[in-house]
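Listed below, chain by chain, are the residues.
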Amino acid sequence: MSKKLHIQKLRRVYVWELPVRMYHWLNVLVLIALVVTGFYMSNPLAILSKKEAVNSYTMGWFRYIHFAAAYLFFFNFLFRLYWGFTGNKYANWKQFIPISRRFLKEMWIVFKIDILMMKGKNGKSEHLSVGHNAMAGFIYFLTFIVFLIQCLTGFGLYAPMASWWFPKLFAWVPAVFGGDILTRVIHHWAMWFFILFAIVHVYLVFYHDYIEGRGEISSMGGGWKFIEDDVFEKNKHTTPNPESAK
Amino acid sequence: MINDASVLKQPTYYEEVERKGYSRRDFMKFVSMITAFMGLEKSAIGQVAKALETKPRIPVIWLHFQECTCCSESFIRSSHPIVADILLDKISLDYTETLMAASGTQAEEALKNTMTKYKGQYILCVEGSVPLAADGVYCMIGGKTSIQILEEAAEGAAAIIAWGSCASNGCVQSAKPNPTKATPIHKLVSGKPVIKVPGCPPIGEVMAGVIVHYLAFGKIPELDRLGRPKAFYSKRVHDSCYRRPFYDAGLFVETFDDENAKKGYCLYKVGCKGPSTYNACGVMKWNNGTSYPIQSGHPCIGCSEENYWDNGRMYERASAFPGFGIEANADTLGKIALGATAVAIAGHAIATNIGKHTTIHNLEEEGKESEHELNV
């Protein structure tokens, strides 16, 4: 080791508020339920049973869980959209939509350092991200679009058998795609996005925790991330949303 | 919609029925049956009977383009003989290529006469899709392309009925790559109500029901978002399937020759499209209510749904993904993507440990130093 060992003082930052954490973990549970039941519904297991059909309700239960989970998913999603306007700055909708030059520039930096493994400013091999980094924010924006696609196609397919007015609001969706067949196919394809997203997402959380040591993994538990004191002091006054320092 | 004054010279339907030798009782049986099929309440029986007794018959032009005539075949086999004898015989006598006696110039003359004499009053029934490629030469009758014939006939029509999947959504001719650019009727005419009656073929009673509804009430039946009569297309084949309990129980036929097939389990896993197909097969059935595909052990192929030829394979639930291999399904591609992601992640993890070695090392040293300094 050439450089002198520098012991960091870390400063605790409350990044993910309780509603954000609850949204996140409810989403995890509900998505697992949706994917598992969805796979079963698209290709059910071969069950050999001596029971009369009237005594079992396997497919029925899988579908019931899928629909119940879909409602939870939808309203959880709506809540998160609402929280994008009322939550703290790390939960704000501006964290997700690349509209400013700064956002795009940060995405480029994340790409260079995390994907291309290039060195950043001052030869550093990591970048500062207290909340989402810009790249992650943009990917979450894409997931929100896929959320929307799943809600539209899912409730669209559900509408004809629904008796409540709410799912019936989506009855126009299959008509746009010319019928249920294509709508179902889109619903099935889009599911794969969640699976791939979840894997990459979990990996990257571990990755950031590993190379940054700022408590990336535990942040979704307690809500805290830790940043170096000197970094905190340097960024304190130039933060664009100063009202967060209440 | 129907101008009674100018079609008065025509006999009424009941007069035709009597002339054909049917009894009053036969007539009332037909009326009750067709009213029930249309999904109307009992009180409507009187209305339908009265309409058929008093209203003069409406002239019908029935055009055949790119099709196989299975719609006509289905229609003339609908369960009550009056349907074929009166509705088709009398109705479409004006012009229908496959059933009229006249041919050549005489037939064209008859078509022209009906179009001019009953302008704005006749029903135009179209069976088959219209090819648009190469200026429409793929389907020509009497020296005219089908699009020309359709446009001329549609102009004076009171309403247009698109019989079958060809006319409603293109069917097999419009499957990829659609060499003749076969186009369904609703994309070619504007300003006229188009009733889609999809199916390959549609059920004969459904066809009769649509026509009788127009005759009896002088307006087209209530349509859904895709332009199909709600009375017949608002439920999925799945919802009225007698094998549905097996579906809910999770009991499926795995192959056509297995024990489950003999037990009559659900055909979902051998590709049944019943859950995404809107039609009345499970209720009305075919051939005088004898049976329908699922009852005879074959999965529904979704023949009344748009693009059913291109939207997946007939004997699989899996959704085909064109352009990858011959036909990869979404799950195969998903698994490949999953594998690729795993490889990419492994690669990234290795690259991180090499490329960011110093950072990781420093963090570890820092942590170890704290560990040394601690007593507890």
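Residues numbered from 1 in each chain as written. Chains lettered and ligands numbered in written order. Predicted model: local features only at pLDDT ≥ 70, side-chain atom pairs only at ≥ 80, totals over all residues. Heavy atoms only, no water.

### Notes on the domain arrangement of chain B
Right, so step 1: Domain assignment breaks chain B into domain 1 (4–232), domain 2 (235–317) and domain 3 (329–373).
Right, so step 2: A separation of 48 Å is found between the C-alpha centroids of domain 2 of chain B and domain 3 of chain B. (Domains from an automatic or database assignment.)

### Topic: the pattern of salt bridges
All names here are of chain B.
Right, so step 1: Counted under the stated rule, the structure contains 14 salt bridges over all chains.
Right, so step 2: Among the ionic pairs, Glu305 bridges to Arg228, the shortest N-O distance being 3.4 Å. Taken together, the residues Glu305 in the loop between helix 13 (281–284) and strand 10 (320–321) and Arg228 in the loop between helix 9 (204–217) and helix 10 (230–233) connect sequence positions 77 residues apart.
Right, so step 3: For Glu305, a relative accessible area of 1% gives the class buried.
Right, so step 4: Take Arg228: its relative accessible area is 6%, and that puts it in the buried class.
Right, so step 5: Asp239 is the salt-bridge partner of Arg236, the closest N and O atoms lying 2.9 Å from each other.
Right, so step 6: Here Asp239 falls in the partly exposed class, since its relative accessible area comes to 31%.
Right, so step 7: Each of Arg236, Asp239, Arg244 and Asp248 takes part in salt bridges that share partners, so that together they form one network. (Salt bridge = Lys/Arg side-chain N within 4 Å of Asp/Glu carboxyl O. Helix = DSSP H or I, 4+ residues; strand = E, 2+ residues; numbered from the N terminus. Buried < 20%, exposed > 50% of the residue type's maximum accessible area, 1.4 Å probe, protein only.)

### Thoughts on the interface of chain B and chain A
One frequently used descriptor of interface size is the decrease in accessible area upon assembly of the parts.
Right, so step 1: Tallying the contact residues gives 51 residues for chain B and 56 residues for chain A.
Right, so step 2: Our count for the chain B to chain A interface comes out at 0 salt bridges.
Right, so step 3: Across the chain B-chain A interface, the total number found is 14 residue pairs in polar contact (both at pLDDT 80 or more).
Right, so step 4: Elements supplying a minimum of two residues to the side of chain B that touches chain A: helix 11 (244–249), strand 10, helix 14 (330–355) and helix 15 (357–373) of chain B.
Right, so step 5: When residues in the side of chain B that touches chain A are grouped by element, the largest group, 14 residues, is from helix 14 of chain B.
Right, so step 6: Among the residues making up the side of chain B that touches chain A, the classes are represented as 21 nonpolar, 15 polar and 15 charged. (Contact = heavy atoms within 4.5 Å. Polar contact = N/O pair within 3.5 Å; in protein donor to acceptor, adjacent residues only side chain to side chain. Nonpolar A, V, L, I, M, F, W, Y, C, P; charged D, E, K, R; others polar.)

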